[in-house]
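Remarks on the overall topology
In case you want the letters, here they are:
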Amino acid sequence: MYVPKESQPKQGGGAAKARDGEKGGKRKIVAQNKKARHDYAIVDTYEAGLVLTGTEVKSLREGRTSLTDGFVQIDRGEAWLHNAHIPEYHQGSWTNHSARRKRKLLLHREEIDKLESKAQETGHTIVPLALYFRDGRAKAEIALARGKKEYDKRQTLREKQDRRESDRAIAAAKRKQRGV
């Protein structure tokens, strides 16, 4: 029996989902800022596009970048990523970029206004968490964060260690049960 192509079910992965209007798709992480998750309590996260030059994109695709000193600042209604280190492209010529230049972030107006008002509160800042490619476009995951005190950092490490020990104990008990 012949079934027209339009009525056949769609097959495929993330590209089909993205075409259907769902957000998602495959994420290829280039860099993460693990220090930010240690030093700050994350309040809210946002996904922002990045305005980059050609050599910056090529350097990002090589995976040689660092976000450890990076921060986001809102200036005249625009969000800017400062101190993110994207090294020069080794095959670039006079068109190469400077490694620590400020880069514009693409966000909706409501998101920028919300971030600006929250960042002006005492103890809040905006930090980059990750750089990645989604569907071929460079994206930055940024977060509104509140600084942790030293005892908060120790408490977080203690909770993480306790969780790890309990997971080990459960795994050992399961192994012992299977062995008997």
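Position numbers for residues start from 1 in each chain and track the written sequence from start to end. The model is predicted, so local features are restricted to residues of pLDDT at least 70 and side-chain atom pairs to those at 80 or more, both for listing and for counting; the totals for chains, interfaces and linings are taken over all residues. Here the side-chain values reflect all heavy atoms present in the structure, with hydrogen atoms and water set aside.

Identification of the protein as SsrA-binding protein from Streptomyces diastatochromogenes is taken from an unreviewed UniProt entry. In its Subcellular location (unreviewed entry) section, UniProt records this for the protein: "Cytoplasm". UniProt positions are given in the numbering used here, feature names are shortened, and annotations may be inferred rather than shown by experiment.

1. Structural notes on the side chain of Glu-141
Only DSSP runs of H or I reaching four residues or more are called helices, and only runs of E reaching two or more are called strands; each is numbered from the N terminus. Here Glu-141 is to be found in strand 7 (residues 137-147). Relative accessibility under 20% of the residue-type maximum defines a buried residue, over 50% an exposed one, and the middle range a partly exposed one, all with a 1.4 Å probe and only protein chains included. Exposure remark for Glu-141: the relative accessible area of 15% places this residue in the buried category. Once residues lying within four places of it in the same chain are set aside, the contact partners of Glu-141 are Arg-27, Arg-37, Thr-45, Tyr-46, Val-127, Pro-128, Leu-129, Ala-130 and Tyr-132. Whether two residues are in contact is decided by their heavy atoms: any pair within 4.5 Å suffices.

2. Quick word on the confidence of the model for the protein
For every residue, the pLDDT score states the predictor's confidence, bounded by 0 at the bottom and 100 at the top. Counting all residues, the mean pLDDT for the protein is 78, and 80% of those residues have values of 70 or more. Counted against residues more than four places away or in other chains, residues 7-22, with its pLDDT under 50, gives 5 contacts.

3. Regarding the sheet that holds strand 6 (residues 124-134)
In any sheet, the strands associate via hydrogen bonds between backbone groups, in a parallel or an antiparallel arrangement. Strands are treated as partners if at least two bridges between them are detected by DSSP. Pairing is antiparallel across the open sheet formed by 7 strands, whose spatial order is 1-6-7-2-5-4-3. For this open sheet the edge positions go to strand 1 (27-32) and strand 3 (71-75), each flanked by a neighbour on one side alone. On average, each strand axis in the sheet is inclined to that of its neighbour by 40°, with strand direction left out of account. Axes here refer to lines fitted to C-alpha atoms; in helices the fit is confined to the stretch in contact. Angles between the N-to-C directions go from 0 to 180 degrees.

4. Things to note about the packing of aromatic side chains
Stacked, edge-to-face and tilted labels apply to pairs of Phe, Tyr and Trp rings (six-membered ring for Trp) whose centres lie within 6.5 Å, assigned for plane angles under 30 degrees, over 60, and everything in between, in that order. Counted according to the given criterion, the structure contains 0 aromatic pairs. In this analysis the charged atom, NZ for Lys or CZ for Arg, is taken to sit over a ring once it is within 6 Å of the ring centre and within 35 degrees of the ring normal. Here the guanidinium or amino end of Arg-27 rests over the ring plane of Tyr-132, the centre of that ring lying 4.1 Å away. Looking at Lys-102, its charged tip hangs above the ring of Trp-80, at a distance of 4.6 Å from the centre.

5. Focus on the layout of surface pockets
Any empty space left between atoms is shown by rolling a water-sized probe over those atoms. Put simply, the grid is 1 Å and covers the protein atoms alone, a cavity is a trapped set of points that fit a 1.4 Å probe, a pocket is an open set with protein on both sides within 12 Å along at least five of seven lines, and lining residues have an atom within 4 Å of a point. Grid points are joined across faces, edges and corners, and a volume is the space filled by probe spheres set on the points. If you add up the space inside the second largest pocket, you get close to 220 Å³. Lining the second largest pocket are Lys-34, Arg-37, His-38, Lys-148, Thr-156, Leu-157, Glu-159, Lys-160 and Arg-163. Residue assignment for the lining of the second largest pocket shows that the elements contributing at least two residues are helix 2 (34-39) and helix 5 (150-179). In terms of residues, the lining of the second largest pocket owes the most to one element, helix 5, which gives 5 residues.

6. Description of the pairing of strand 2 (residues 40-50)
For strand 2 and strand 7, the ladder comprises 9 bridges, and the chain directions are antiparallel. Following the sheet pairing, Ala-41 is matched in strand 7 by Arg-146. The pairing of strand 2 with strand 5 (residues 103-106) spans 2 bridges and is antiparallel. In the strand pairing of strand 5, Gly-49 is matched with Leu-106.

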